[in-house]
Amino acid sequence: MSRIEVTDVSKTFKDTKALTHVNLRFEENTIYGLLGRNGAGKTTLLNIINNRLFPDSGAVTLDGDTLTENTAALSRCFLTNENNLYPESMKVKDAFKWSKVFYPDFDMDYAGKLSKLFELPQKKKIKSLSTGYQSIFKNIVALSVNVPFVFLDEPVLGLDAYHRELFYKALIEKYAERPFTAVISTHLIEEAANIIERVVIIKNGQIIRSESLEELLASGYCVSGPAVQIDGYIQTKNVIGTESLGGLKTACIIGTPDPDMPSGLEISRMDLQKLFIRLTDMPESHS
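Residues numbered from 1 in each chain as written. Predicted model: local features only at pLDDT ≥ 70, side-chain atom pairs only at ≥ 80, totals over all residues. Heavy atoms only, no water.

Visitor: So what exactly am I meant to see when it comes to the overall build of the protein chain here?
Guide: When you go through the protein chain residue by residue, the secondary structure sums to ten helices and 14 strands. Taken over the C-alpha atoms alone, the protein chain extends approximately 65 × 40 × 35 Å along its principal axes. Relative to its 287 residues, the protein chain shows a buried fraction of 48%. For the protein chain, long-range pairs separated by at least 24 residues make up 68% of all intrachain contacts whose partners lie at least 6 apart in sequence. (Helix = DSSP H or I, 4+ residues; strand = E, 2+ residues; numbered from the N terminus. Buried < 20%, exposed > 50% of the residue type's maximum accessible area, 1.4 Å probe, protein only. Contact = heavy atoms within 4.5 Å.)

As structure tokens, this is what we get:
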């Protein structure tokens, strides 16, 4: 079973600790959500994995082989982010041809099919594309390279709701037809939650959660009701956040609901976006 392992990776830029002793594993044929606030270290982590940055310490391996300056191992990975690695004067159709040179399994027919689906003009120069269509171009390349590990850093940047839905549908169809590992880093958590299998949450350069989506959502619950009742109920609970509206209150709690809930209180499942906000809102522990 193929896997990428990040072992004790740290990275500092001047006075900023971007990553601190990060340990992480990406297994084959799995869709991951890499979630974190701006500046949490997501892009730095993805760049280090894909050899676009070097860590100050630690290592990244693919099936035990280092990914640092290892062309053979790196050819099994693909990263798309805001940086365009193709000459801006290059036309889309020529970029596809060059992608085939560097990634022999690149599917030209599939790239053409997606271009029609997304109405991407192949005769246009990359630099003349709008922000949204530059994202579409990069996503089409990412879905066409046919490598085991694809990293998508803000893949829906600049896309409207229709094109975002189209992208996730295309990704799922591709995954079902030819499974691979996709690591999606995005701020639009609610949309991505529909396809994510495992969640990695990074905060201030450190991994605070890494588990299956179901395990993560099952680790807590929300309880709603009259504020006075909620305040009494949560006194002994591990509360990660509350919301109030008028005389009503909702609390998000880590743990499992009591077998006999007090009358008047309503239990609901935590959704990924709310849980993410609560977890990344929590103050640092200083033990």
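Now that the structure has been shown, the text picks up again.
Visitor: Would you take a moment to explain the pairing of strand S8 (residues 181–185) for this structure?
Guide: A regular strand places its side chains on the two faces of the sheet in alternate fashion. Within S8, five of the five residues are buried, which leaves it mostly tucked inside the rest of the structure. Summarising the sheet, strand S3 (residues 31–35) and S8 pair through four bridges and their orientation is parallel. Opposite Ile 31, over in S8, you have Ala 182 as the bridge partner. Taken together, the five bridges between strand S7 (residues 149–153) and S8 define a ladder with parallel strand orientation. When the bridges of S8 are listed, Val 150 appears paired with Ala 182. Where the polypeptide runs from S7 across helix H6 (residues 161–177) and back to S8, its parallel neighbour, the crossover connection is right-handed. (Pairing = 2+ DSSP bridges. Right-handed = clockwise from strand over helix to strand, strands pointing away.)

Visitor: It is not clear to me how unusual backbone geometry should be interpreted in this structure. Could you clarify?
Guide: Trans is the common state for peptide bonds, and a negative phi is the common state for residues other than glycine. The phi torsion at Asp 8 lies on the positive side, around 55 degrees, for a residue other than glycine. Residue position: Asp 8 is located in strand S1 (residues 3–13). By relative accessible area, Asp 8 is classed as partly exposed at 34%. Of note in this structure, Lys 14 is not a glycine but carries a positive phi near 55 degrees. Within the secondary structure layout, Lys 14 lies in the loop between S1 and strand S2 (16–27).

Visitor: Honestly, the sheet that holds strand S13 (residues 248–254) in this entry has me stumped. Any pointers?
Guide: Whenever strands of a sheet pair, they do so through backbone hydrogen bonds, lying parallel or antiparallel. Strand order in the open sheet formed by four strands is S12-S13-S11-S14, with antiparallel pairing between adjacent strands. If you trace the sheet from one side to the other, it starts and ends with strand S12 (238–245) and strand S14 (266–268), each paired once. The sheet shows a mean angle of 20 degrees between the axes of neighbouring strands, direction not considered. In this fold helix H10 (residues 272–281) packs onto S12 and S13, with an angle of close to 115 degrees to the strand it touches most, S12. (Axes fitted to C-alpha atoms, helices over the stretch in contact; angles between N-to-C directions.)

Visitor: What is the right way to read the packing of aromatic side chains from this model?
Guide: Any two aromatic rings considered together are summarised by their centre-to-centre distance and by the angle between their planes. By the definition in use, this model includes nine aromatic pairs. Ring geometry for Phe 26 versus Phe 151: centroids 6.0 Å apart, planes at 80 degrees, classification edge-to-face. With Phe 26 in strand S2 and Phe 151 in strand S7, this pair connects stretches of sequence that are 125 residues apart. The exposure classification of Phe 26 matches that of Phe 151, with both residues buried. Relative to Phe 106, the ring of Phe 96 has its centre 5.9 Å away and its plane inclined at 35 degrees; by these criteria the two rings are tilted. Of this pair, Phe 96 sits in helix H3 (residues 92–102) while Phe 106 sits in the loop between H3 and helix H4 (108–118); the two residues are ten residues apart in sequence, bridging distant segments of the chain. Residue class for Phe 96 comes out buried when judged on its relative accessible area of 1%. Through successive ring pairs, a cluster of aromatic residues spans Tyr 86, Phe 96, Phe 106 and Phe 137. (Phe/Tyr/Trp six-rings, centres within 6.5 Å; stacked < 30°, edge-to-face > 60°.)

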